[in-house]
Amino acid sequence: MRKWTIPSALLLLCLLFLLPDQGRKLHANAEGDSEELVDPPKVEEKIGAVPNGLSTDSDVAKREAESISKRSLRNTAEKFEFQAEVSRLMDIIINSLYSNKDIFLRELISNASDALDKIRFLALTDKEVLGEGDTAKLEIQIKLDKEKKILSIRDRGIGMTKEDLIKNLGTIAKSGTSAFVEKMQTSGDLNLIGQFGVGFYSVYLVADYVEVISKHNDDKQYVWESKADGAFAISEDTWNEPLGRGTEIRLHLRDEAGEYLEEVKLKDLVKKYSEFINFPISIWASKEVDVEVPADEDESTDDETKSSEEEKEDEETEKDEDEEAEKKPKTKKVKETTYEWELLNDVKAIWLRNPKEVTEEEYTKFYHSLAKDFGDEKPLSWSHFTAEGDVEFKAVLFVPPKAPHDLYESYYNSNKSNLKLYVRRVFISDEFDELLPKYLNFLMGLIDSDTLPLNVSREMLQQHSSLKTIKKKLIRKALDMIRKIAEEDPDESNDKQKKDVENSSDDEKRGQYTKFWNEFGKSIKLGIIEDATNRNRLAKLLRFESTKSDGKLTSLDQYISRMRQGQKDIFYITGTSKEQLEKSPFLERLKKKNYEVIFFTDPVDEYLMQYLMDYEDKKFQNVSKEGLKLEKDSKVKELKESFKDLTKWWKGVLASDNVDDVKISNRLDNTPCVVVTSKYGWSANMERIMQSQTLTDANKQAYMRGKRVLEINPRHPIIKELQERVVKDPEDDGLKQTAQLVYQTALMESGFVLSDPKDFASRIYRSVKSSLDISPDAAVEEEDEVEEAEAESETKDAEATSKDEEAKATKDDVDTEPSAVKDEL
């Protein structure tokens, strides 16, 4: 026993020295453990304060930061390879299909909306699938983390199981064949782009690393992650906040995509593409507010203290107030940044509502939002309708109060349309001009179809079988809407209808169609030219002035109602202005016989009348062309026979002027003669328009010029005198000169441009000489030659003086040159 006594004592002594240090360590650990038990890891304060927010604890945040910085897939995750077609599809999307990167947000919101639609559908039969509290709220939330460059989009939709994540985000849904990708590359058929799992890949336009966190009611919460490098990984989510149900997509943005970390940018994108999504879209937005905080005592100002004398005087009156002020602590206001959810899609999708339930004020507000026009003027009209059948869609069309300033400047070159296309409340494009013909491109509005594929392309839409059906229905509704403006306008009613209309109409609608015509009348005319199918319906919308309209606009129906008994043709005339046409010699007989003639003064009217051949079984007749038929004149045959010598002689005189014939006229009263063109040739006004074209070909114009016919007025004294003189001496040169002058005058009065104005002027001057008894051979007095000689000598002297001055200047330069060179050296 004594052998172990000394070692045992030494061992016990060592233990006693060590115990205090170990005790301190154990105590310290015990204190640390107690702190963890009392104050366990909490959610970060700022994020945790967010209702329904996206939150993590501090340890998770650290792990996430490390993972993000490395941009690598988690080692513990299960790795998968993308389907070959997916990799090829991603290349197509990133490199060719999406030139506009902004649409990634539209795709994600659209997918979120689809997921919400699915859970809402299931909830119709089983309400328990929605859950309780915040989980039951069907909404979409957007949140930014500028420091980590993360953009998050969260929905409370149906969510995805692990199998769904593999299937939807790793393969192409419904079609995994290479033939599908080949079709995408060749024809651009984007039927599947908008479906979740295909349009989703547009996220890689702005992100180089993507996480998809999803929770389905039938499975655990999983995380899908990928860097678009041909592989993705899925792992059970044990570190993120439980979603309850739904999907959260985190985009780790590229450096060049920093603009998508700005709240303003995201708000604009949501309002542009997803403003009318059926579910609320909110963004976690910053806001500065004034907050009262305790003020420091030394911050009190001298102005706030009173002098002792003033305090004594006011002591009694303000004693109570001072006591109350002393009880309240002094505070100051400071700016503090707070965060709250801001709703972005607050505009109601009125096209989804019953038109009877939408007020005029709501339509006006919706138009201003759609057109980005926040003036006081209301749209002239609107049409809200639903189309059913093979193609189902809802649409709202508006007629703007004013035409855009560049409406016709690039009419045939512009592809932009004012009609927005939505598919299932998701904005697709406003450049589908195929939905409406160009002549209706002034209309504002939108169309929302549930049958068209989401994210439809321009090329695909042209080949889509539904396009013709949609276009046909839109045109019909648009024309009915325009016709309604005229029907509700009291100024447009006939005399029989005026009393009824005036009693029932509103003064606001008076003159509305005139306003429409002044702004968009040219479009209706272009429609008649371009749209043969709806030509008659468009012709009913035509408005014009006439000899009986008293300065107001009239229609073809009103014209027909005023036609004379037995009148078979609709008479019209074209020219540069109404004032010019009212004085036209072509109207003399027609006015006298009480016929109404339409005035067409727009250059496009010449083209219009080449396509508008008839209306309501009535033919159109240009009164400046041959073929005008009025009531029969019993003396026509006698006049033709009696003036046969004159017409035959005059035709020979004008043989070199391309005059086809000389006839007796039935349209003149006070004018001696006019020049008319053949029925299917160009009128004088059309010739003038074509000659003013910059790139016109004069040689080709000769084919379209109508043959000219000189029509004479047999009752006019000039014509009678010419007839008598021709009978006496048909070879009289003076008579031929007069006949030529009369013809050229008639040519100008009829609206033609003289091919040789110099010849016409010479004939006028000869006529003036004759009237002034001046000899035709009288010459112009020549200038005096002496004056010319003096002028020449003066010019020579000036030139000599100029040469002397130049020589002197040159000599001075030579004299000074050596010194200048010397100085320089």
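Anything mentioned here points back to the structure above.
None of these values were measured; they are calculated from a predicted model. Each residue is numbered by its place in its chain's sequence as written, counting from 1. Only residues with pLDDT of at least 70 get local features here, since the model is predicted, and only at 80 or more are side-chain atom pairs given and counted; chain-wide, interface and lining totals rely on the full set of residues. Only hydrogens and water are set aside when side-chain values are computed; all heavy atoms of the structure are taken into account.

K.L.:
Help me understand the packing of helix H26 (residues 733-749) against helix H27 (residues 757-771), please; the structure alone is not making it clear to me.
P.N.:
The angle between two axes is taken between their N-to-C directions and runs from 0 to 180 degrees, where each axis is a line fitted to C-alpha atoms and a helix contributes only its stretch in contact. Here a strand is any run of E in DSSP of at least two residues, a helix any run of H or I of at least four, and the numbering for each starts at the N terminus. At a closest axis distance of 10 Å, the pairing of H26 and H27 adopts a crossing angle of 125°. When the interaxial angle is binned, H26 and H27 end up oblique. Read as a crossing pair, H26 and H27 show a hand that is left-handed. Where H26 approaches H27, its residues Gln737, Gln740, Leu741, Gln744, Thr745 and Met748 are matched on the opposing element by Asp759, Phe760, Arg763, Ile764, Arg766 and Ser767. Looking at the contact of H26 with H27 residue by residue, the classes come out as four nonpolar, five polar and three charged. Note that the term roughly parallel is reserved for angles under 35 degrees, roughly antiparallel for angles over 145, roughly perpendicular for angles of 65 to 115, and oblique for everything else. If you view the pair so one helix is near and one far, a crossing is left-handed when the near helix is turned anticlockwise from the far one by less than a right angle, and right-handed when it is turned clockwise. Residues are treated as being in contact if the distance between any of their heavy atoms lies within 4.5 Å. Only Asp, Glu, Lys and Arg are considered charged in this grouping, and only Ala, Val, Leu, Ile, Met, Phe, Trp, Tyr, Cys and Pro are considered nonpolar; every other residue, Gly among them, is considered polar.

K.L.:
What am I meant to see in the pattern of salt bridges here?
P.N.:
Pairs can form between side chains of opposite charge whenever their charged atoms are close. Salt-bridge detection follows one rule: a side-chain nitrogen of Lys or Arg within 4 Å of a carboxyl oxygen of Asp or Glu. Tallied over the entire structure, the rule returns 37 salt bridges. In this structure, the salt-bridge partner of Arg254 is Glu256, at a minimum N-O distance of 4.0 Å. Three exposure classes are used, based on accessible area relative to the maximum for each residue type with a 1.4 Å probe and protein chains only: buried under 20%, partly exposed in between, and exposed over 50%. Residue Glu256 is classed as exposed on the basis of its relative accessible area, which comes to 56%. Arg667 is paired through a salt bridge with Glu711; the nearest N and O atoms lie 3.0 Å apart. With a gap of 44 residues between them, Arg667 in the loop between strand E20 (659-664) and strand E21 (673-677) and Glu711 in strand E22 (residues 708-712) connect regions that are remote in the sequence. Judged by relative accessible area, Arg667 falls into the buried class, the value being 1%. Note on Glu711: relative accessible area 7%, which makes it buried. It is possible to trace a salt-bridge network through shared partners that takes in Asp480, Arg483, Glu487 and Arg537.

K.L.:
Looking at this structure, I do not really get the sheet that holds strand E11 (residues 393-399). What am I missing?
P.N.:
Adjacent strands of a sheet pair through backbone hydrogen bonds, lying either parallel or antiparallel. Here we have five strands laid out as an open sheet, ordered E10-E11-E14-E12-E13, and mixed in their pairing. Taken across any chain shown, the strands that pair with only one partner, and hence form the sheet edges, are strand E10 (381-387) and strand E13 (426-429). Pairs of neighbouring strands in the sheet enclose a mean axial angle of 20°, with direction left out of account. Bridging between E11 and strand E14 (residues 444-449) involves six bridges; their strand directions are antiparallel. Note on E14: the bridge partner recorded for Phe393 is Ser449. Here, any two strands with at least 2 DSSP bridges between them count as paired.

K.L.:
Can you walk me through the pairing of strand E7 (residues 246-253) in this structure?
P.N.:
Taken residue by residue, a regular strand's side chains alternate between the two faces of the sheet. For E7, the tally of buried residues reaches eight of eight residues, placing the bulk of the element in the interior. Residue alternation in E7 divides its side chains into two sets, Gly246, Glu248, Arg250 and His252 and Thr247, Ile249, Leu251 and Leu253, and both sets are buried. Across six bridges, strand E3 (residues 150-155) lies against E7 in antiparallel orientation. In the sheet register, Ile153 faces E7, and the bridge partner there is Ile249. In the sheet, strand E4 (residues 207-215) pairs with E7 via eight bridges, with the strands oriented antiparallel. Each bridged residue has a counterpart across the sheet, and for Ala207 the counterpart in E7 is Leu253.

K.L.:
Please explain empty space enclosed by the protein as it appears in this structure.
P.N.:
Unoccupied space between atoms shows up once a probe the size of one water molecule is rolled over them. A 1.4 Å probe that fits but cannot get out identifies a cavity on a 1 Å grid over protein atoms alone, an open set with protein on both sides within 12 Å along at least five of seven lines counts as a pocket, and a residue lines either if it has an atom within 4 Å of a point. Grid points are joined across faces, edges and corners, and a volume is the space filled by probe spheres set on the points. The tally for this structure, following the rule as stated, stands at two cavities of 30 Å³ or more. Reported here for the second largest cavity is a volume of approximately 30 Å³. Together, Ser113, Asp117, Ile277, Asn278, Phe279, Arg424 and Arg425 line the second largest cavity.

K.L.:
I'm lost on a positive patch on the surface in this one. Help?
P.N.:
Nonpolar side chains (Val, Leu, Ile, Met, Phe, Trp, Tyr) are joined into patches within 5 Å and like charges within 9 Å, using only residues with over 30% relative accessible area and no salt bridge. The protein chains shown are the only cover counted for residues, whose accessible areas, like all others here, come from Shrake-Rupley with a 1.4 Å probe. Charged residues are defined here as Lys and Arg on the positive side and Asp and Glu on the negative side; His and the ends of the chain fall outside this count. Lys charges are placed at NZ, Arg charges at CZ, Asp charges at CG and Glu charges at CD. Positive charge collects at one region of the surface, where Lys568, Lys619, Lys629, Lys632 and Lys679 lie side by side. Looking at the secondary structure, you find Lys619 in strand E19 (residues 618-622).

K.L.:
How should helix H20 (residues 604-611) be read in this particular structure?
P.N.:
At 3.6 residues per turn, the α-helix brings residues three or four places apart onto the same side. For H20, the complete set of buried residues consists of Val604, Asp605, Glu606, Leu608 and Met609. Buried residues along H20 sit in contact with helix H15 (512-530), strand E16 (569-574), strand E17 (597-600), E19 and helix H23 (684-691).

K.L.:
Where do I start with the sheet that holds E22 in this structure?
P.N.:
With respect to topology, three strands assemble into an open sheet ordered E20-E22-E21, the strand pairing being mixed. Where the open sheet ends on each side, the last strands, each with one partner, are E20 and E21. Across this sheet, the average inter-strand angle for adjacent strands is 25°, counted without regard to direction. Relative to E22, E21 runs antiparallel, the two sharing five bridges. Bridge pairing in E22 places Cys673 opposite Ile712. Here helix H22 (residues 644-653) sits on the sheet and contacts E20 and E22; the angle it forms with E20, its principal contact strand, is near 160°. In the packing of H26 onto the sheet, contacts are made with E20, E21 and E22, and the angle to E21 comes to roughly 60°.

K.L.:
Is there a simple way to think about unusual backbone geometry in this case?
P.N.:
Leaving glycine aside, a negative phi is the common case for residues, and trans is the common case for peptide bonds. Even without a glycine there, the phi angle at Asn594 is positive, about 70°. Relative to the helices and strands, Asn594 is located in the loop between helix H19 (588-592) and E17. By relative accessible area, which is 45% here, Asn594 ends up partly exposed. Here Glu616, not a glycine, exhibits a phi torsion of approximately 50°, which is positive. Tracing the backbone through its elements, the reader meets Glu616 in the loop between strand E18 (614-615) and E19. Its relative accessible area of 40% is what places Glu616 among the partly exposed residues.

K.L.:
Would you explain the packing of H22 against H26 in this entry?
P.N.:
The angle between the axes and the distance between the axes are what describe a pair of packed helices. At a minimum axis separation of 10 Å, H22 and H26 run at an interaxial angle of 85°. The angle between H22 and H26 falls in the class roughly perpendicular. In this structure, H22 uses Trp649, Trp650 and Val653 to contact H26, whose residues at the interface are Leu735, Lys736, Ala739, Gln740, Val742 and Tyr743. Of the residues assigned to the contact of H22 with H26, the class counts are seven nonpolar, one polar and one charged.

K.L.:
Can you walk me through H15 in this structure?
P.N.:
Look at H15: 26 Å from first C-alpha to last across 19 residues, which is about the 27 Å you get at 1.5 Å a residue. Bend at a given residue is defined as the angle between two axes, one fitted to the seven residues that end at that position and one fitted to the seven that begin there. Phe520 marks the point of greatest bend in H15, at about 70°. One fewer than the residue count of a helix, multiplied by 1.5 Å, yields its expected span.

K.L.:
Please clarify how a nonpolar patch on the surface should be interpreted in this entry.
P.N.:
Residues Ile764, Tyr765, Val768, Leu772 and Ile774 make up a contiguous nonpolar surface patch of roughly 460 Å² in combined accessible area. Considering the arrangement of structural elements, one finds Tyr765 in helix H27.

K.L.:
Can you walk me through the environment of Pro242 in this structure?
P.N.:
Inspection of the secondary structure puts Pro242 in the loop between strand E6 (231-236) and E7. For Pro242, a relative accessible area of 62% gives the class exposed. Expressed as a C-alpha distance, the spacing of Pro242 and Lys220, which sit 22 residues apart in the sequence, is 9.7 Å.

K.L.:
What is the right way to read the environment of Ile103 from this model?
P.N.:
In this structure, Ile103 sits in helix H5 (residues 103-123). Here Ile103 falls in the buried class, since its relative accessible area comes to 6%. With 167 residues separating them along the chain, Ile103 and Val270 place their C-alpha atoms 10.0 Å apart.

K.L.:
Please clarify how the side chain of Asp164 should be interpreted in this entry.
P.N.:
Following the sequence through the fold, Asp164 ends up in helix H6 (residues 162-170). Despite its burial, Asp164 pairs with no opposite charge, the nearest such side chain being Lys167 at 4.3 Å. Any pair of nitrogen or oxygen atoms within 3.5 Å is treated as a polar contact; in protein, a donor-acceptor pairing is required on top of that, and neighbouring residues in sequence qualify only through side-chain atoms on both sides. Among the polar contacts made by the side chain of Asp164, one reaches the side chain of Thr161 at a distance of 3.1 Å. The residues touching Asp164, leaving out its near neighbours within four places in the chain, are Leu169 and His216.

K.L.:
Explain the packing of aromatic side chains to me, please; I cannot follow it from the model alone.
P.N.:
Each aromatic ring pair is characterised by the separation of its centres together with the angle its planes make. Think of it this way: a Phe, Tyr or Trp ring, Trp meaning its six-membered ring, pairs with another when their centres are within 6.5 Å, and the plane angle makes it stacked under 30 degrees, edge-to-face over 60, tilted otherwise. Throughout the structure, instances matching the rule amount to 19 aromatic pairs. With 6.1 Å between their ring centres and 45° between their planes, Phe366 and Phe398 make a pair best called tilted. Highlighted residues: Phe366 in helix H11 (residues 360-371) and Phe398 in strand E11, separated in sequence by 32 residues. Just as Phe366 is buried, Phe398 falls in that class too.

No statement about biological role is implied by the geometric values presented.
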